[in-house]
Structure formats: structure tokens, C-alpha cells
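# Structural features, examined
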Amino acid sequence: MKSGATDILIGTKMITKGWDFPNLTLTGIIAADLTLNFPDFRSSERTFQTITQVAGRCGRCSEQGRVILQTYRPNDPVILSGSRQDYGAYYEWESQKRAGYEYPPFTHEVKIIFTTPRGYLFQNDLDQIHRCFEDVVNSETEVLGPSPAIYRYHKETEKWVVTLIGPKLFDMRNEIKEGLCCLKGENILDKNIIVQVEIDPLDIV
């Protein structure tokens, strides 16, 4: 592409980052809004990043670049601010939305992932996991789950996720320890269950 031997490059988001093609004057994004439908509060952030990164691939030299963006939601604030390269407008919109829903960075999130053999946990086990964390957290911390992970199954295992949301990370770390101790006391945690804790994870799925 850089030498001019190739005129058109088609690919996934992998080709949106880091490349410097001086003679590139046209880029396009197909179905730019699909990532907005992903069940993650950072989906709009990732969509905005993709749009601005793709736009930044062209027009990097003397010739002016052009970006074509295909979308089913042309009036969405993320699409509008991304297409205009308006970082300030996007920041204001996104920060207000996250503050209203009490999403990071206005709170902290902890994701606790339980990986078990398929069918290992029954509903009463899941209810007990929720109760163990609900009983040890303070009034400022919310307990969500256990719920199936988006990518629930892998080979012979499955994943369940408990999410803690609260303003004080130090308190939440203590709550995690107490919750896991409760599960050990209830004989729910054993060698067949792998527990993974992610502090302020990059995604919630």
C-alpha cells in the first residue's frame, strides 16, 4: 500500500491503527454504528475511537482526504461527533451519560469471574453467591449477578460474572475478600472453580 503496488485495502479494525500511508486520500467505514449495540458502557467510546482513527488514516500528506461513513443512525451523538472529529462535544456527552448512570470514572467497577465445568453451578448456588456478596457490601456498593458471561461457554467450561459497583475501591477490595470467604464457608468454592478478579476492567462482558 505504501509503495503504491496496492490501491485498495479492505479489512477489520486492525487496519485502522498506526498506519501511515502518505498517498491515501479516501477511507470508508461500513456499518459504523454496529459496535454501539454491544452490551458494554464503553461501546460508544470504542465507536468514537474507530471513527476518528479511520479518518486519521487519510489526507496525511499534501492531498486532502475524504472519509465515507455508512450508518443507520446518522443523528447519534457518537456518530456526529466522530464524523466531525469533535472531541470536546463527545467528551461532554459521554461524561454526562456516565455521571447519570454512575459509570466509571465516577464510580469503580470490579468484575469477579467464576469459571466452572459446564452445569456445575445450579440456581441455588448462584443465589448463594449473590447473597454472600450482598451480605458483606456496604450501602454504597451495588451487587449485580451472577449472570452468564457474554462468551459463556468455552470447551467444557462456562463463566459466570458478579459485578460490584461503588465509589470506594479500597472498601470494595475488602468486600471481595469477605464475599469469597463467605463462599468458602458455604462450600461453594472448590478446586473445580477458578476465580478471576478484575479491578476497573476495560470491558464488562
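For strand 3 (residues 108-117), a buried count of 8 out of 10 residues is recorded, marking the element as mostly surrounded by other parts of the structure. Here strand 3 runs beside strand 5 (residues 157-166); their pairing, made up of 10 bridges, is antiparallel. When the bridges of strand 5 are listed, glutamate 109 appears paired with isoleucine 165. Here strand 3 runs beside strand 6 (residues 194-199); their pairing, made up of 6 bridges, is antiparallel. Across the sheet, the residue bridging to lysine 111 is glutamate 198, located in strand 6.

What follows is about unusual backbone geometry. Put simply, proline 104 and proline 105 share a cis peptide bond, and its omega is 10°. In this fold, proline 105 is placed in the loop between helix 3 (87-101) and strand 3. Between glycine 145 and the following residue, proline 146, the backbone shows a cis peptide bond with an omega angle of 10°. Within the secondary structure, proline 146 is located in strand 4 (residues 142-154). Positive phi, close to 55°, is recorded for lysine 155, a residue that is not glycine. Considering the arrangement of structural elements, one finds lysine 155 in the loop between strand 4 and strand 5. We note that asparagine 187 has phi near 60°; this positive angle belongs to a residue other than glycine. If you trace the backbone, asparagine 187 turns up in the loop between helix 5 (169-185) and strand 6. Judged by its relative accessible area of 69%, asparagine 187 is exposed.

About the thresholds
- Position numbers for residues start from 1 in each chain and track the written sequence from start to end.
- Reporting in this predicted model follows two pLDDT cut-offs: at least 70 for local features of residues, and 80 or more for side-chain atom pairs to be given and counted; totals over whole chains, interfaces and linings ignore these cut-offs and use all residues.
- Neither water nor hydrogens contribute to the side-chain values; these are computed over all heavy atoms in the structure.
- For every residue, the accessible area obtained with a 1.4 Å probe (protein chains only) is divided by the maximum for its type, and the residue is called buried under 20%, exposed over 50%, and partly exposed between those limits.
- Under the scheme used here, helices are H or I runs from DSSP no shorter than 4 residues and strands are E runs no shorter than 2 residues, and both carry numbers assigned from the N terminus.
- Only strands that DSSP links by at least two bridges are regarded as paired with each other.

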